[in-house]
Structure formats: C-alpha cells, structure tokens
Amino acid sequence: ISPAGLTLICVLLACGATWSARTVDSHLGAKDLARLQKVFVDGYGSSDLQSIFFSSLNLQLTDASQKEPLCQKIAALHAESKLNSFEKDYYYIGASKNLGCSAKLDEALLSKVYSSLTSELGSSQEIFYRVVTHKLLGVAISEATQTKVAKRLQELLKKDDTLSGLGYAFNAATLLGGEASFIANRVEDAIVQADEVDGKLLQFEGGLSITSLIINGAFGVAKTFNKPSPVTAEQAVKFANYFLSRRSVQTAKGAHVLIEALKTISGAEKIAPICVQLIGNGQLEASSPTLNVAVLDLLGKPLSASPKTINAKIVGKKDSVVLVEKVSVASKSSDKTTYVADLTSLKPARGIYQAELSAEGGYTQTLQFKVLGRVKVQSLEVGIAESDASAATRKQSVTYPGKLTEALSADSTQKLLLKAVLVEESNSKPLTVHQAFVRLYNKKTDKEIIFVAEQDSSKAYKFDMDVGNNGKNFNYQSGTYSIYLTVGDASLSNSFEWLVAEVQLKFNEEKEVKAKKTSGPLPEIVHQFRVPDKRPPRIVSDIFTGLCITPLVLLFVFWGKLGINVSNLTLAPSTIGFHVGFGGILVLFFVFWLQLDMFQTLRLLIPIAVFTFLAGNRLLRRLYAQRNSKGSGS
C-alpha cells in the first residue's frame, strides 16, 4: 500500500464515528443565488476578460443592443490581456460563442489554436485550456493527437505534481478519453493533501479555485474511467461545508466554480450530502407544537430521490429526558422538500429540545428547537403601606388585563407595594421568568423609572418602593404615575406589559434636578501644563552661584602666587585648536545653563568634542616628541 493510501485510511478511521451523518445545516438559498446572479451582471460591466467569460457562461444577456459593443470590448481586451495566450484565447473564444457575436473569429487565432496540440505543450494547465478550446470550437481531436497529448501530460506530472498541476490534469484527462486513464491513480494523491479546518471543513491550499478545480476534476475522472468515488461520504460533507462557507464570493469566476463544485458533489449519488434544517426560527407554540423540517440538496432544490421515511427522537436538552423514542416526520409539500412532525399528542412542556433525525440512506441530523409556554397572572395585589409599619397595609387585587379603578396616593412617609403570582398556563405551576419589571411612567413629563421585581421564597414577584428614599430617582417631581408590570422570557409566547394602576406620588422637596445634556457639542478641553515650582529667593541663588564660581577664582589666585609656566605654550595649530575647543565646551555648558535644552546642547557638543579630541591628540603627540628629542640631546 502506498504512503498516501495509508494516510487516507488513517483519516477515514478517525472519521468513522460520523460517517453516517451525510447532512449539512445550510444550502445555497434563493438569496444567495440572487446575489451570485448580481455578481455575474457586474461581471459584464468589468474590464476583465475572464469575468466577462464566466458571466456569459452563467447569465444570458437579454438586451440584444448590448451584445455587439460587448463583442468589440472582449476583442480589445483579448489583444491587451497579459494572461497566458492559451488562457486568454479560451476566454475570448468562449465569450464570443456564449454572446453569439456576429463577427467571425480571426483566422490567425484559429490557426494557432488548431496547431497548438501538435507543438510542445509546457504544462498541464496549457493542455487543459487547449483541449477544452478545441471542444468549445467543435473540433475533433484525432486519436493519434490524443495519445501524444496524454503521454505529454504524463511526462509533465512527473516534473510538476503540485495541486494546481494535478487539478488541471484531472480535468484535461476527462476530455482525452482512455489514453489518459493513468490519471485515475493520481486522484488519491491529491485528495489526501486536503487540509481540515476545525474538524468541519476540508479544503486545498490555494482556496476556492484550487479546491473546486480538484473536486470537479476528481469526480470527472471517476465518472469517465468508471472508478469509485474519489472521496468518502464524510469528506463530501466537509468539502460541501467549505464551499457553502464561501457563498459570499465577489468575483464571476469564484461564483461559477462555487456553483459547479456544489453541483458536482450533489450529483454524487452514493455519497452526496443533503441539507436538513428547521423551517422558521425553531420556536413552537405549546398549543400546536408542529416541527417543520426542510430537506433539500446543496443548491436548495428538491432531492431527486426524497427519503420515504424520516423518524425523530425527541430529547430534552436540559435533563436529557427522552420525550419520545420515535415519531414520524412525514412529507407535506408537493415538491417533497418539507417534512412535518406533529408533537401535539406528546404535550411537550416549555423548554429546549433536540430532535435526532434519521432517514433511509444513512442520513442523520440533530436539530434544536424550543417549545414556548404561556404565562398567566394568577393574582396581583397593589397597595400603600406606612414606611414605619405604624398602620395596616392597604392592598387591592387587580385581575389581568384590567386596571385598578381608583388612583392610589402615597407621600414621602409611605411606600408602594406590588405582589404578583405568575404561573404556567398549562399546569398552573409557579413560573420563574427572565425579566419582571415594574415601570412608573409620568405622562405629563414623559419620564419613567424602572424597578426590578424580585421573586421571594413562595415564587411570587414582589416590588417594594419607599417613596421618601427614592425621591432623587424621580427628580423630586410629584405627580401621577402609571404603574406597569412587564413580564418577558425567551421561552414565552405571550410576554406582556400590563397597566396595573395609577398612583399619585408626593415628595417633600419640590425641586428638579437638572439632567445633564446628552447632546450638543462638549465644552472645549484646554490643556494646562503643571505650574512651575516657585523659584527660591534671590539671595539663595546668588550664594549658590558664588559657590560654583569659587573653584575658578581659587585657580587664578593660586596661579598668581605660584606663577604660570607657559614656556611650552606654542602657537602651533594643534595647541590653539585644543584650547579653543576646550574653551568652546565650557562656553557651551554656560549657555546650556542659561537657555538651551539637553538635545540642543548635544547637537552642538558632538562636533566641538570631536574637534577638541583630534586637536588634543596631536598636541600630546607633539609634546611627547619634544620631550624625547630633549632627552636624546642631553
């Protein structure tokens, strides 16, 4: 067994657990196809010969007046194109045929194409384009020429067995007939080089074009030479997932190869994956829980052989309790794309479920859906109580969806109370919801404030607001407020907001806290550096300056007492240069102290320092030479 075959077997064994799936969860839908059609329409308007060819291959022009200008355009683009001659010839001839151009093709071009197969072809890509161009022109290729080209293709593959080379070789071999049957032995070598992504996708290095080229070619080889399918059912699913992930392609060539690849995989009878997905948002009403499932091919079309029976096992996602082991999912629509399972007899409770579907042919799919419940307000009480509990609470019951007839009144010494018991409509059991709010709304000011209703130990939702302590939240605006109870949950089909009552709130401080402006330009930000530290007194600065100058003064004093020996001082350039440079450094430090910053000082110091170093070096060498000459003379 070859190394490539051994690798392929290992891959298949690793994927064995999910071989039977043969399903994907999406397909190329109507919106996708409409968008791809727009890509082809845009391709006609481009200045790219390749784009116009693939557009003409997939979309026929309806406006006859556009054909002749387009024919002239592709002739000019062919002349200017920098593509390989065999590739641009194919695009030009193909586009001319597809558009039905009235102008005849240039004889010199046709002569070049006809004689191309007798010359030395340089790559499998060139062989493919030359052979397919002959087919496009309706020119038969003699058996002798087919044999010659097939041998040349075999020679080229020994030198160039890249993925691109193999892909073009596969597609060329399907056009050359039995003489190219050797190519069937190379299919496995190519498929095994596919890269897996996240355990869900399979693709070849080079992206959509190369992957489509190899898949179309490999399946074409299998069909032409009566060989087994080049990929397994599991690999077909992963290749299909990759192609479907590239549905947002923006070029005419990309759109064409995407559609062709999905057609190729869908046409593989024994391994073709199908799309099994929920219809709608997957939310079922508890009163009529009907599960609708779409079964389509990869292009969104009905299957040529629809599954006769589909069964589902329904399992609760939260606790994994099996609701039913087997329920029939029957075909509904005339086109055999919609399957329906009526779950009414099962009386599913509110929650999330998984439907494990299985159909004849080894198709399996797991779909997740939600059964929505209905909430019922069993009881609601609203009332006013004293904050210090000095008097009994005055509570009144309200029935949903009615409103309390009389308005309540509460001042800053009292508190507003509300208690609601929510139950499941189907079984009257207490219900816990994701959202339970009490909203107080002042129609006059168009302001509102929302409080969270908390659930107590008895599963009842309670709201308790001390009017005096919450005055700031209301900007101390007394008035009539509407009390709304808002109940919401993703698993409920009848979430609601209920106007319960009106309440007159009176706050002690009749003042309004002005809200900050949320619109308009913000005030200008003026950056201010830190204020410099306060300078020391003048006398301190003078004393410090005097102390710094003291060493220099002492130097001159001692020189005056001891006497200065300047006998060795000459007017040589090195002597003058060194002292001038040294003096310049001292002056630079003084100027730095007065006004320069560090970077300005360094820029000036570097050239002065280099000059001083060179002059000092020559000065020291001259003094050393003078000393040696005096020593030898004595």
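This text goes with the structure placed above it.
Read on for an overview of the structure. Going along each chain's sequence as written, the residues are numbered from 1 onward. Residue-level local features of this predicted model are given only where pLDDT is at least 70; pairs of side-chain atoms are given and counted only at 80 or more, and the full residue set underlies all totals for whole chains, interfaces and linings. For the side-chain quantities, the full set of heavy atoms in the structure was used; hydrogens and water were omitted.

**Quick word on the state of the cysteines**
Then, in step 1: A pair of sulfur atoms, both from cysteines and within 2.5 Å, is called a disulfide here. For the structure shown, the criterion picks out one disulfide.
Then, in step 2: Note on cysteine connectivity: C71 is disulfide-linked to C101, with sulfurs 1.8 Å apart. Across the S-S bond linking C71 and C101, the dihedral sits near -90°, which makes this disulfide left-handed. One end of the pair, C71, is in helix α4 (residues 67-80); the other, C101, is in the loop between α5 (85-99) and α6 (107-115), with 30 residues separating them in the sequence. Per the convention used, a helix needs a DSSP run of H or I reaching at least four residues, while a strand needs a run of E reaching at least two, with both numbered from the N terminus.

**Examining the packing of aromatic side chains**
Then, in step 1: Two rings from Phe, Tyr or Trp (for Trp, the six-membered ring) form a pair when their centres are within 6.5 Å of each other. A pair whose planes differ by under 30 degrees is stacked, one over 60 is edge-to-face, and the rest are tilted. Applying the stated criterion across every chain yields a total of 22 aromatic pairs.
Then, in step 2: Both rings, one in Y91 and one in Y129, keep their centres 6.1 Å apart while their planes meet at 80°; by these two values the pair is edge-to-face. Remark: Y129 occurs in helix α7 (residues 124-137) and Y91 occurs in helix α5; sequence separation between them is 38 residues.
Then, in step 3: For the exposure calls, accessible area comes from a 1.4 Å probe over protein chains only, and a residue counts as buried if that area is under 20% of its type's maximum, exposed if over 50%, partly exposed in between. Relative accessible area serves as the criterion here: at 4%, Y129 is assigned to the buried category.
Then, in step 4: Aromatic rings pair up to connect F53, F54, F86, Y90, Y91, F128, Y129 and Y168 into one cluster.

**Topic: empty space enclosed by the protein**
Then, in step 1: Using protein atoms alone on a 1 Å grid, points that fit a 1.4 Å probe yet trap it form a cavity, whereas open point sets bounded by protein on both sides within 12 Å along at least five of seven lines form a pocket; residues with an atom within 4 Å of a point count as lining. Grid points are joined across faces, edges and corners, and a volume is the space filled by probe spheres set on the points. A complete count under the given rule lists one cavity of 30 Å³ or more for this structure.
Then, in step 2: Taken together, T23, V276, V295, I310, L357, S358, A359, Y363, T364 and Q365 make up the lining of the largest cavity.
Then, in step 3: Contributions of two or more residues to the lining of the largest cavity are made by β10 (351-359) and β11 (363-372).

**Structural notes on the pattern of salt bridges**
Then, in step 1: Salt bridges are counted wherever a side-chain nitrogen of Lys or Arg sits within 4 Å of a carboxyl oxygen of Asp or Glu. With the rule as written, the count across this model stands at 19 salt bridges.
Then, in step 2: Between K263 and E260 there is a salt bridge, with its nearest N and O atoms 4.0 Å apart. Highlighted residues: K263 and E260, both in helix α13 (residues 252-266), separated by three residues, approximately one helical turn.
Then, in step 3: Given a relative accessible area of 44%, K263 falls into the partly exposed group.
Then, in step 4: Between E448 and R439 there is a salt bridge, and its shortest N-O distance comes to 2.7 Å.
Then, in step 5: Overall, the relative accessible area of 45% leaves E448 in the partly exposed class.
Then, in step 6: The network of salt bridges with common partners includes D89, K112 and R130.

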